[in-house]
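# Report on the structure
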Amino acid sequence: MGWQLEGLGEGRPSKAAVELYKRIARGEPTHPDDSGALEELVAWGLVSVSTDQPGGRAGVPVVLDPMPAARRRRDEALELWVRAAKDLRDIPLFAEELAVEFERSKWWRGPGSEFLPDPETVNARIEAALRGARSELLTAQPGGPRTEEQMHRARALTGDLVERGVTIRSLYRDTVRDDATTRRYAQDLTGWGVQFRTLIGPFQRCVIIDRAQAFISDYAVAGAEPHSARHVKDRGVVGFIVEVFEQEWRRAEPWVGEGRPSDDGGEGGGAPLRTTQLQREILLDAEHGVLQGATAARLGISPRRLSAEIAYLRQVWDAPTLAALVAKWVRSPDRALVDEDQRAGRAGAA
């Protein structure tokens, strides 16, 4: 069956019309059953029938040159194909025009979030979203150093994003400064234009793509795997997640892959001697035997936050117990920073 365009019918006359044309060309008479085929030949311009006969009767059909008729039909079909091609070309333009309004509508509504139950699903969904990233990637990774295999995979994904002009900022926990693999990774990617910062203390994990979608840890599903996540697309919630990231980013310190100073003044070799003012307040209360509940109330933080800070300090300072942590604290240079904090506080009050 040949191609068919609206208004033109088939790409060639029907078999019955072709046979009738041959009969008329041979001078054979037509029959009443030939009326349909005859109308088709007239429409194609292959046969002419005179209507000037006496009594208003139709005359004898006469065949016409098929070449001009075929060329005319071809030209009409080509014109229709040109119009169809133009319509096909305009489809993406029309879609782009409406897409602007669709994207704008997302500022007022959104599909909410989707639970991703396991690390495999989370990673697959993040990689799929990264393939569509156009402008920005923000990541906060509080989990500590990564393996060589993880860094190799991250390099490949990051290289593709950088080539597409996506800007990248990544926030890590301060402990990664002690890990040689992570330091090399940061040094290499800093040369690509990626920005890194590290933060002492806990913070929330997140991956934010183009400020339009985010992946965060799940706190809603009871009994879910530790590395389950939420894929968030609601613009209002994503905007809040971005602001949380920006607050942590402003508190963090720039990092280009260097190690942390150690007890002996070297780099990346011993227990870290860097604390925040909040952590020093917690350690000072622990030094004086203040109960943790009272410390949390005085500092205006939750008991869970205080426990997380202490757990982090014990991990970083390699202290198996709170007593061991306090013993390291009182001998550390950070203990002297308490006096500086107090002097700064008195100066501010004055």
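Each remark here, short or long, concerns the structure printed above.
Residues numbered from 1 in each chain as written. Predicted model: local features only at pLDDT ≥ 70, side-chain atom pairs only at ≥ 80, totals over all residues. Heavy atoms only, no water.

## Here's the deal with the overall build of the protein chain
Assigned secondary structure in the protein chain consists of twelve helices and twelve strands. Long-range contacts, defined here as pairs at least 24 residues apart, represent 66% of the contacts in the protein chain between residues at least 6 apart. (Helix = DSSP H or I, 4+ residues; strand = E, 2+ residues; numbered from the N terminus. Contact = heavy atoms within 4.5 Å.)

## Here we look at a nonpolar patch on the surface
Where nonpolar side chains cluster on the molecular surface, the patch consists of Leu 88, Ile 91, Phe 94 and Leu 98 and spans about 430 Å² of accessible area. Summarising the element assignment, Phe 94 is placed in helix α3 (residues 66-105). We classify Phe 94 as exposed; its relative accessible area is 51%. (Patch = residues over 30% accessible without salt bridge, like charges linked within 9 Å, V, L, I, M, F, W, Y side chains within 5 Å. Areas by Shrake-Rupley, 256 points an atom, 1.4 Å probe, with all protein chains shown as cover. Salt bridge = Lys/Arg side-chain N within 4 Å of Asp/Glu carboxyl O. Buried < 20%, exposed > 50% of the residue type's maximum accessible area, 1.4 Å probe, protein only.)

## A look at helix α7 (residues 235-251)
Here α7 spans 25 Å end to end across 17 residues, near enough to the 24 Å set by a 1.5 Å rise per residue. Inspection of α7 places Arg 235, Val 238, Ile 241, Val 242, Phe 245, Glu 246, Glu 248 and Trp 249 among the buried residues, and these make up the whole buried set. Considered in projection along α7, the buried side chains sweep an arc of 165° and stay on one side of the axis. Among the exposed residues of α7, those pointing more than 90 degrees away from its buried face are Gly 236, Phe 240 and Arg 250. The N-cap of α7, judged by a side-chain oxygen 3.0 Å from the amide nitrogen of Gly 236 a few residues on, is Asp 234. (Expected span 1.5 Å × (residues − 1). Arc of directions from axis to C-beta. Polar contact = N/O pair within 3.5 Å; in protein donor to acceptor, adjacent residues only side chain to side chain.)

## Considerations on the layout of surface pockets
If you add up the space inside the largest pocket, you get close to 1,100 Å³. Asn 123, Ile 126, Gln 141, Arg 146 and Gln 150 are the residues nearest the centre of the largest pocket, which is lined by 38 residues in total. Contributing elements (two or more residues each) for the lining of the largest pocket: α4 (119-130), β6 (136-141), α5 (148-163), β7 (167-173), α6 (180-190), β9 (206-209) and β10 (213-217). The greatest single-element share of the lining of the largest pocket, amounting to eight residues, is contributed by α5. Across the lining of the largest pocket, the residue classes tally to 22 nonpolar, eleven polar and five charged. Looking at the second largest pocket, its volume works out to about 430 Å³. What lines the second largest pocket is a set of 14 residues, and nearest its centre among them are Pro 202, Phe 203, Gln 204, Tyr 219 and Ala 308. (1 Å grid on protein atoms, 1.4 Å probe; cavity = no way out; pocket = protein on both sides within 12 Å on 5 of 7 lines; lining within 4 Å. Points joined across faces, edges and corners; volume = space filled by probe spheres on them. Nonpolar A, V, L, I, M, F, W, Y, C, P; charged D, E, K, R; others polar.)

## A closer look at the nonpolar core
In terms of nonpolar packing, the biggest core is built from 23 residues, with Leu 137, Leu 161, Phe 196, Ile 209 and Phe 215 touching the most fellow members. At the level of elements, α4, α5, β7, α6 and β9 are the ones that each hand at least two residues to this core. A per-element tally of this core places α4 first, with four residues. Once residues lying within four places of it in the same chain are set aside, the contact partners of Ile 209 are Ile 126, Ala 129, Leu 130, Ala 133, Glu 136, Leu 137 and Phe 215. (Core = buried A, V, L, I, M, F, W, Y, C linked by side-chain atoms within 4.5 Å.)

## Things to note about helix α2 (residues 35-44)
Along α2, the positions that sit buried rather than exposed are Ala 37, Leu 38, Leu 41 and Trp 44. Projected onto a plane normal to the axis of α2, the buried residues spread over an arc of 125° and lie on a single side. In α2, the exposed residues that point more than 90 degrees away from the buried face are Glu 39 and Ala 43. Within two residues after α2, Gly 45 carries a phi angle of roughly 80°, on the positive side.

## Points about the sheet that holds strand β12 (residues 253-255)
What holds strands together in a sheet is hydrogen bonding between their backbones, with the strands either parallel or antiparallel. Taken together, eight strands build an open sheet; the order of strands is β5-β11-β10-β9-β6-β7-β8-β12 and the sheet is mixed. Strands at the two margins of the open sheet, each flanked by one partner only, are β5 (113-116) and β12. Taken over all neighbouring pairs, the strand axes of this sheet differ in orientation by 20° on average, direction set aside. Of the pairings in the sheet, the one linking strand β8 (residues 195-199) to β12 comprises three bridges and is antiparallel in character. Within β12, the position partnered with Thr 198 by the bridge is Glu 253. (Pairing = 2+ DSSP bridges. Axes fitted to C-alpha atoms, helices over the stretch in contact; angles between N-to-C directions.)

## Brief notes about the environment of Leu 157
For Leu 157, the position within the fold is in helix α5. A C-alpha to C-alpha distance of 8.1 Å links Leu 157 and Glu 127, two positions 30 residues apart in sequence.

## Here we look at the packing of helix α8 (residues 277-287) against helix α9 (residues 292-299)
To describe two helices that pack against each other, one gives the angle between their axes and the distance between the axes. With their axes 10 Å apart at the nearest point, α8 and α9 run at an angle of 145° to one another. In this structure, α8 meets α9 at a crossing whose hand is right-handed. Across from Leu 278, Glu 281, Ile 282 and Asp 285 in α8, the residues of α9 making contact are Thr 295, Arg 298 and Leu 299. When its residues are assigned to classes, the contact of α8 with α9 shows three nonpolar, one polar and three charged. (Left-handed = near helix turned anticlockwise from the far one by under 90°.)

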